[in-house]
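Observations on the three-dimensional arrangement
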Amino acid sequence: MSYPFQIKSFEEYQQKYKESVEQPEQFWADVAENFLWKKKWDNVLDWNFAEPKIEWFKGAKLNITENCIDRHLAEKGEDAAIIWEPNNPEERTRIVTYNRLHKRVCQVAQMLKNNGVKKGDRVCIYMGMVPELAYAVLGCARIGAIHSVIFGGFSAQSIADRLEDAQAEFIITCDGAYRGEKVIALKDVIDDALRGNKTVKKVIVYTRTRTPVSMIKGRDIWWEDEMQFAEEQVEKDGKIFFEAEAMDAEDPLFILYTSGSTGKPKGVVHSCAGYMIYTTYTFVNVFQYQPKQIHFCTADVGWITGHSYIVYGPLAAGATSLMFEGIPTYPSCSRFFDIVDKYKVNILYTAPTAIRSLMSFGDKSYKDNDLSSLKVLGTVGEPINEEAWHWYEEYIGKKNCPIVDTWWQTETGGILISNLAGVTNSKPSWATLPLPGIQPLLVDENGKEVTQPDEDGLLKGNLCIKFPWPSILRTTYGDHERCRTNYFATYPNLYFTGDGALKDKDGNYRITGRVDDVLNVSGHRIGTAEVENAINMHAGVVESAVVGYPHNIKGQGIYAYVIYNGKKAADELTKKDINVTVSKVIGPIAKPDKIQFVSGLPKTRSGKIMRRILRKIAEGETENLGDITTLLDPSVVDEIKKEKV
Ligand code: WT7
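Definitions and cut-offs
Residues numbered from 1 in each chain as written. Predicted model: local features only at pLDDT ≥ 70, side-chain atom pairs only at ≥ 80, totals over all residues. Heavy atoms only, no water. Helix = DSSP H or I, 4+ residues; strand = E, 2+ residues; numbered from the N terminus. Rg over C-alpha atoms; globule rule 2.2 N^0.38 Å. Buried < 20%, exposed > 50% of the residue type's maximum accessible area, 1.4 Å probe, protein only. Contact = heavy atoms within 4.5 Å. Lys, Arg positive; Asp, Glu negative; His and termini not counted. Charge placed at Lys NZ, Arg CZ, Asp CG, Glu CD. Phe/Tyr/Trp six-rings, centres within 6.5 Å; stacked < 30°, edge-to-face > 60°. Lys NZ or Arg CZ within 6 Å of the ring centre and 35° of its normal. Salt bridge = Lys/Arg side-chain N within 4 Å of Asp/Glu carboxyl O. Core = buried A, V, L, I, M, F, W, Y, C linked by side-chain atoms within 4.5 Å. Near = heavy atom within 4 Å. Polar contact = N/O pair within 3.5 Å; in protein donor to acceptor, adjacent residues only side chain to side chain. Nonpolar A, V, L, I, M, F, W, Y, C, P; charged D, E, K, R; others polar. Pairing = 2+ DSSP bridges. Domains from an automatic or database assignment. Buried area = accessible area lost by both parts, 1.4 Å probe. Disulfide = S-S within 2.5 Å. Axes fitted to C-alpha atoms, helices over the stretch in contact; angles between N-to-C directions. Parallel < 35°, antiparallel > 145°, perpendicular 65-115°, else oblique.

Of regular secondary structure, the protein possesses 19 helices and 32 strands. The globule rule puts the C-alpha radius of gyration for 645 residues at 26 Å, and the 24 Å found for the protein is close to it. Principal-axis analysis of the C-alpha atoms gives the protein an extent of 80 × 60 × 55 Å. Considering the protein as a whole, with its 645 residues, one finds that 62% of them fall into the buried category. Sequence separation of at least 24 residues holds for 71% of the intrachain contacts in the protein that already meet a minimum separation of 6. Separation of charge centres in the protein, based on 77 positive and 85 negative side chains, amounts to 2 Å.

Dropping the structure here:
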């Protein structure tokens, strides 16, 4: 498979970018010609951001799994689609060829059908990073069921909320998952999540860790048994067959929950055709993927990065995607690089937080590794500081690999701003240029485009996009109005990203971080309101306010100011209790790094918490807190400053 849409030079990038802005429909229709359609589209694009209504390739019929699997079988049936590296390096590796992937996905589709799953049904997937997770995702897509993958670090309560919101009827899970030294009892968590649940009919359990599990008659069934049964049904005369459902271009492909500035996570909905086209296009262009290369994205499939750049994008491009079950520091801090050497990985795509964490081991993580197979390095999830960028470039890339700093979001489906490896220039800590089809602009608070550079010659503002691209979110599940108010109402006729950015005279963008009440902790998105709600559930807590502060490894840490009025003392033990509460309500990733007990919070006369002040104090600022005269009780600020933790 060659990629006619792969951009090869900076001039070609400029040319393509121009075409994509001047004739977006023609541009994307040309790209779409490289995919397998059951029926071609009637109309390339119909849109308005006011509702919003966004429709790409309306009238077309396709199945994304035929694009990710079936169309590759003739030429590369015996090539590796997925290489799987287990948590424990001593355990057997699994190489999943495209032929094998085809068979397994057909089996999963048949298994789901046998259990009553139909097109449009919501299937929640809560598994560790095993190949069966990819089979499950693709099996849903094959029959047109909408998958909703939930990251293994979320608590029972979080899962329960998501099941309820999606009205999910089916769950696919594992007995347990390995993460470094730990075994996480996933099925146990599901059991807790299902107490009081009224929608789920079946739970399919894959055996990974042999953790003892409770199996409820009539509800819980074993993956292995069901898959064996399905195997006989999909195999006829030595051939594997399961008819892929003909999906409308705009049918939903999946829901993925993500945090926003309100208390409740939103179910971001992506559709079949646009998502497929854009993830494939960006995979091939940003990483400059060449046939036979091995692509290693270290994300979890529980996040959008794993959906787009472990599963859908690479497979649709017929690539070899490496899937790793474990963590970067187990059994030692050289694990990522041991994997790179073991499989001769060519593309390594990871998060700044992982890079900073490996840096903290000095040269230990890489000194015994060869790393000469690497051609391209990538980062995603949060701004990368220059120190980490240079470390990555020098010690991992040996100054031989371009680094792509890829900016995007759950809602964007694929990478929107990034350099193209070796084709367009990189600039440390800058995401650089928009991909073809992406029209960013910076606006001020009033939504006016910023055109006046500051003293450093940079434009500074809130990052918006003014034209739809194929994989933009279509709605938030069950609540379209929420989608509108969240993304399309702040500035009329613009998609607002929630990020602030700088732009230099060459058109490069640097993302400076969120400008809303959303934190980015180790590349994970966490809403401050969500954490506050969780803290407030603790029996002795009266009120709380959560802000972010700079953290050496995590990028941002979580700082919680808590008004506490409990029976027990406001001491270290109580802080631990509060952390356990947050773990139970959201998951361990949302635990505050610092808790400070306060007698009051800085509020305006209208009762609004002045987070700006709390943020500054958490950042270590004591002098320039800005105007505090509008506070109801300015004296609390002194107390908070004095008792900072
Ligand atoms: C937020 C989206 C998209 C994959 C993982 C995160 C931040 C993402 C970068 C980058 C600076 C980045 C933004 C964005 N972000 N990539 N290269 N440079 N910031 O997905 O959980 O939807 O979070 O992550 O703040 O809004 P997500």
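Quick look at the packing of aromatic side chains now. All told, the structure shown has 43 aromatic pairs when counted by the stated rule. Taken together, a centroid distance of 6.3 Å and an interplanar angle of 90° make the contact between Phe151 and Phe154 edge-to-face. Here Phe151 and Phe154 have matching classes, each one buried. Look at Phe287 and Tyr349: their rings are 4.7 Å apart centre to centre, the planes differ by 65°, and that puts the pair in the edge-to-face class. Pair noted here: Phe287 is in the loop between α10 (272-286) and β18 (294-297) and Tyr349 is in strand β20 (residues 347-350), with a separation of 62 residues, a long-range link. The pair formed by Phe287 and Tyr349 is uniform in burial state, with each residue classed as buried. Ring pairs connect the aromatic residues Tyr3, Phe5, Phe27, Trp28, Tyr278, Tyr281, Phe283, Phe287, Tyr289, Tyr309, Tyr349 and Trp408, which therefore count as one cluster. One Lys or Arg, Arg94, reaches over the ring of Trp84 and ends 5.5 Å from the middle of that ring. The ring of Trp430 has Lys427 sitting right over it, with the charged end atom 4.0 Å from the ring centre.

Another aspect to go through is the pattern of salt bridges. Scanning the entire structure with this criterion turns up 42 salt bridges. For Glu231, the salt bridge identified is with Lys103, shortest N-O distance 2.7 Å. With Glu231 in helix α9 (residues 223-234) and Lys103 in helix α5 (residues 98-114), the pair connects residues that are 128 residues apart, well separated along the chain. Because the salt bridges share partners, they merge into one network encompassing Lys187, Asp191, Arg219 and Asp220.

The biggest cluster of nonpolar side chains holds 170 residues, and the ones touching the most others in it are Trp37, Phe57, Leu101, Ile125, Trp223, Phe287 and Tyr312. The dominant element in this core, judged by the number of residues it contributes, is α10, at 10 residues. In this view, Leu101 contacts Ile69, Ala81, Ile82, Val96, Tyr135, Leu138 and Leu315; residues no more than four positions away in its chain are not counted. Ranked by size, the runner-up nonpolar core spans 30 residues in total, among them Ile339, Tyr366, Leu374 and Trp391.

Right, let's talk about the site of the ligand for a bit. With respect to spatial proximity, 17 residues lie near the ligand, and among them Asp405, Thr406, Thr410, Asp499 and Arg525 are the closest. In this structure, a nitrogen atom belonging to the ligand sits 3.4 Å away from a main-chain N or O atom of Glu382. A distance of 2.7 Å separates a nitrogen atom of the ligand from a polar atom in the side chain of Asp405. Mapped onto the shell around the ligand, the elements with two or more residues apiece are α11 (304-316), β22 (403-406) and β27 (509-514). Among the residues making up the shell around the ligand, the classes are represented as 6 nonpolar, 6 polar and 5 charged.

Before going further, it helps to examine the pairing of strand β8 (residues 170-174). With 5 of its 5 residues buried, β8 lies for the most part within the structure. Residues Phe170, Ile172 and Cys174 of β8 are buried on one face, and the alternating residues Ile171 and Thr173, pointing to the opposite face, are buried as well. When strand β6 (residues 122-126) meets β8, the two strands line up parallel, connected through 4 bridges. Opposite Cys124, over in β8, you have Ile171 as the bridge partner. As paired elements, β8 and strand β11 (residues 202-206) share 5 bridges and run parallel to each other. Following the sheet pairing, Ile172 is matched in β11 by Ile204.

A separate point is the domain arrangement of the protein. What the domain assignment reports for the protein is domain 1 (10-65 + 264-514), domain 2 (98-245) and domain 3 (518-642). Just the C-alpha atoms count here: the centres of domain 1 and domain 2 sit 28 Å apart. If you look at the interface, domain 1 gives 26 residues, while domain 2 gives 27 residues. For domain 1, the biggest contributors to the area lost against domain 2 are Thr65, Glu325 and Tyr477; these three give 27% of the whole. Across the domain 1-domain 2 interface, the total number found is 2 salt bridges. Residues Glu325 and Arg208 are paired through a salt bridge, measuring 2.7 Å at the closest nitrogen-oxygen approach. Of all the secondary structure elements, the ones that give two or more residues to the side of domain 1 that touches domain 2 are α3 (64-68), α11 and β19 (320-324). If you tally residues by element for the side of domain 1 that touches domain 2, the top one is α11, at 6 residues. A class-by-class count of the residues in the side of domain 1 that touches domain 2 yields 17 nonpolar, 5 polar and 4 charged.

A separate point is the state of the cysteines. Scanning the model with the defined rule gives 0 disulfides in all. Not engaged in a disulfide, the cysteine Cys333 finds its nearest cysteine sulfur in Cys401; these two sulfurs lie 20 Å apart. On the basis of relative accessible area, Cys333 is assigned to the buried category, the value being 9%.

Attention shifts here to the environment of Glu621. Along the chain, Glu621 turns up in the loop between α18 (611-618) and α19 (635-642). Among the residues examined, Glu621 registers a relative accessible area of 29% and is labelled partly exposed. Separated by 176 residues in the primary sequence, Glu621 and Glu445 have C-alpha atoms spaced 25 Å apart. For Glu621, the side chain forms a polar contact with the main-chain nitrogen of Asn624, separated by 3.2 Å.

When two helices pack together, their arrangement is captured by the angle between the axes and the distance separating the axes. At a closest axis distance of 10 Å, the pairing of helix α13 (residues 352-359) and helix α14 (residues 386-396) adopts a crossing angle of 75°. Of the possible angle classes, the one that applies to α13 and α14 is roughly perpendicular. For the pair α13 and α14, the contacting residues are Ile355, Arg356, Leu358 and Met359 in the first and Glu387, Ala388, Trp391 and Tyr392 in the second. Residues belonging to the contact of α13 with α14 are distributed by class as follows: 6 nonpolar, no polar and 2 charged.

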